[in-house]
Amino acid sequence: MSKVKIKKKSIIYILFFLAFIRPEYLIRSPYMNVFYDLYRIVVAGIIIFLFIMKKKKFNLYTCFWIMFEVWIVLVTILRNGNVSYAVNQAITISVIAIFFLMYSNDMRNICKSLYYVLFIFIIINFVTLLLFPNGMYTTGVTNVASENWFLGFKNKHMIYFLPFVALDFILVKSKEISQKNLFMIFIVAISAVFIKSSTTIVGLSIMLIIGFVPFIRKHYKIFNMYTYFGASIVMFVMIPLLRLQYLFYYFIVVVLKKSIDLTYRTDLWDRAFSAIRIHPILGWGEQVNEIKYALYHSQSIITAHNQILEYLYIGGTILIILYIIINLILASRLQKLEKSTIVQIASGMYIALQVALMVEVYTDAIIYMIYFILFYVENIVIDRVKERKKQNA
């Protein structure tokens, strides 16, 4: 009976992930877009219904994420912004928070289910890379970009590749899979190089170094969640604020072959700062694309290309305070198990993501799933400890 139950739960998890993780190519069709919207509404309704029936209680972490999203909605209403988008995002992230809270005691199966969903998507994407080396379709990103495949624009690949590789390491350590899937890690690495996304290459490299190099994991007193969170704040101060990217001239220009202005991102940051100065406390809320086009003097760019700056623009200082609290709660929880290899690998996923978010903004559901995987990963560690005690008994 237990095997059947686990199988049923895994199916529930996979159906959930398929509703919220939507490869860019699939939603280009208006019909598929409508299908996904309806599918997501049904799944979200079921999750909320089950949560109410199970009489679960919110924990502090979930409460702050919901407060984070509610604040964005309130400011958006105040500024007469894109309320429908803000509400949709708030519901999506709240449902993700509820899902992980409700099934947090089964994190190994959740991670395994997500791993296989990403596995399928990455394989399909790799086939499209081989069949369409110059891209499958064009978009308005950077005018008329053709560097789009099944998973979307080249920089979008980061949000699929990073959690997949991290989950591979985590599932091996938790004995859910027998050995590292080196073939798939190779496919991911080759794909990242092929699409020439510097963001993806840098983020993935950080994850692979932490996963493969024992030296970093052994020195957990230095390389831990508090350090990584502090490093992300320092990076924000050094690069978007003080513009000290010139200190990394060789790496940016010679290694990554990018311009020192990080492909016009410094100009976008200046424009974002000019808007933030007008409403520094409350922010602007989620605005319609036309207003963002005007802000960034572009026909396609709608974000500041830095996640912290984007949060400052959307929700002002208050939203940033909530964001800092969320990260401190996360760091405090993981710091208790800093000696665990699984926690160290999960923390590696965090810093790799933060580095990517220095030059990108991601609003996809899977990004928020990463934060909840990080928060509940300790349950995987606890399960492993219990299993070892049984084996040694």
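Computed from a prediction, not measured in an experiment: that's the story for all the values here. (Residues numbered from 1 in each chain as written. Predicted model: local features only at pLDDT ≥ 70, side-chain atom pairs only at ≥ 80, totals over all residues. Heavy atoms only, no water.)

Draft legend 1. A look at the overall build of the chain. Of regular secondary structure, the chain possesses 17 helices and two strands. Against the globule reference of 21 Å for 393 residues, the chain gives a C-alpha radius of gyration of 21 Å, in line with a compact fold. Seen through its principal axes, the chain has C-alpha atoms that stretch 65 × 50 × 45 Å. Contacts in the chain between residues far apart in sequence, at least 24 positions, make up 74% of those at least 6 positions apart. Accessible surface, the chain: about 18,300 Å² in total, of which carbon and sulfur atoms supply 68%. Positive and negative charge centroids in the chain, built from 39 and 19 side chains respectively, lie 11 Å apart. (Helix = DSSP H or I, 4+ residues; strand = E, 2+ residues; numbered from the N terminus. Rg over C-alpha atoms; globule rule 2.2 N^0.38 Å. Contact = heavy atoms within 4.5 Å. Areas by Shrake-Rupley, 256 points an atom, 1.4 Å probe, with all protein chains shown as cover. Lys, Arg positive; Asp, Glu negative; His and termini not counted. Charge placed at Lys NZ, Arg CZ, Asp CG, Glu CD.)

Draft legend 2. Structural detail: the packing of helix H10 (residues 225-241) against helix H14 (residues 307-335). Direction vectors running N to C along H10 and H14 enclose 155°, while the axes themselves pass 8 Å from each other. Comparing the axis directions of H10 and H14 gives the class roughly antiparallel. As for how H10 packs across H14, the hand of that crossing is left-handed. Residues Met225, Tyr226, Phe229, Phe236 and Pro240 of H10 form the contact with H14, whose own contacting residues are Ile308, Leu309, Leu312, Ile324, Asn327, Leu328, Leu330, Ala331, Ser332, Leu334 and Gln335. Of the residues that constitute the contact of H10 with H14, the class distribution is 13 nonpolar, three polar and no charged. (Axes fitted to C-alpha atoms, helices over the stretch in contact; angles between N-to-C directions. Parallel < 35°, antiparallel > 145°, perpendicular 65-115°, else oblique. Left-handed = near helix turned anticlockwise from the far one by under 90°. Nonpolar A, V, L, I, M, F, W, Y, C, P; charged D, E, K, R; others polar.)

Draft legend 3. A look at empty space enclosed by the protein. Using the criterion set out here, one finds four cavities of 30 Å³ or more in the structure. Of the volumes computed, that of the largest cavity is approximately 90 Å³. Lining the largest cavity, in full, are Phe68, Glu69, Ile72, Gln89, Ile93, Glu286, Gln307, Glu310, Tyr311, Ile314, Thr363 and Tyr368. Of all the secondary-structure elements, those providing two or more residues to the lining of the largest cavity are helix H3 (60-78), helix H4 (83-102) and H14. For the lining of the largest cavity, the element with the most residues is H14, which contributes four residues. The space that makes up the second largest cavity amounts to roughly 50 Å³. Lining the second largest cavity, in full, are Tyr220, Phe223, Asn224, Met225, Leu334, Gln335, Glu338, Val343, Gln344 and Ser347. Secondary-structure elements contributing two or more residues to the lining of the second largest cavity are H14 and helix H15 (341-356). The element that contributes the greatest number of residues to the lining of the second largest cavity is H15, accounting for three residues. A breakdown of the residues in the lining of the second largest cavity according to their chemical character gives five nonpolar, four polar and one charged. (1 Å grid on protein atoms, 1.4 Å probe; cavity = no way out; pocket = protein on both sides within 12 Å on 5 of 7 lines; lining within 4 Å. Points joined across faces, edges and corners; volume = space filled by probe spheres on them.)

Draft legend 4. Structural detail: H15. Counted at 1.5 Å a residue, the expected span for H15 with its 16 residues is 22 Å, and the 23 Å between its end C-alpha atoms agrees. For H15, the buried fraction is high: 14 of the 16 residues fall into the buried class. For H15, the side-chain oxygen to backbone nitrogen distance between the N-cap and Ile342 is 3.2 Å, and the N-cap itself is Ser340. (Expected span 1.5 Å × (residues − 1). Buried < 20%, exposed > 50% of the residue type's maximum accessible area, 1.4 Å probe, protein only. Polar contact = N/O pair within 3.5 Å; in protein donor to acceptor, adjacent residues only side chain to side chain.)

Draft legend 5. Summary view of the pattern of salt bridges. Under the counting rule described, the total for this entry stands at ten salt bridges. Among the ionic pairs, Lys156 bridges to Asp364, the shortest N-O distance being 3.3 Å. Here Asp364 lies in the loop between H15 and helix H16 (365-376) and Lys156 lies in the loop between strand E2 (152-153) and helix H6 (158-173), a separation of 208 residues in the sequence. Using a relative accessible area of 17% as the deciding quantity, one classes Lys156 as buried. (Salt bridge = Lys/Arg side-chain N within 4 Å of Asp/Glu carboxyl O.)

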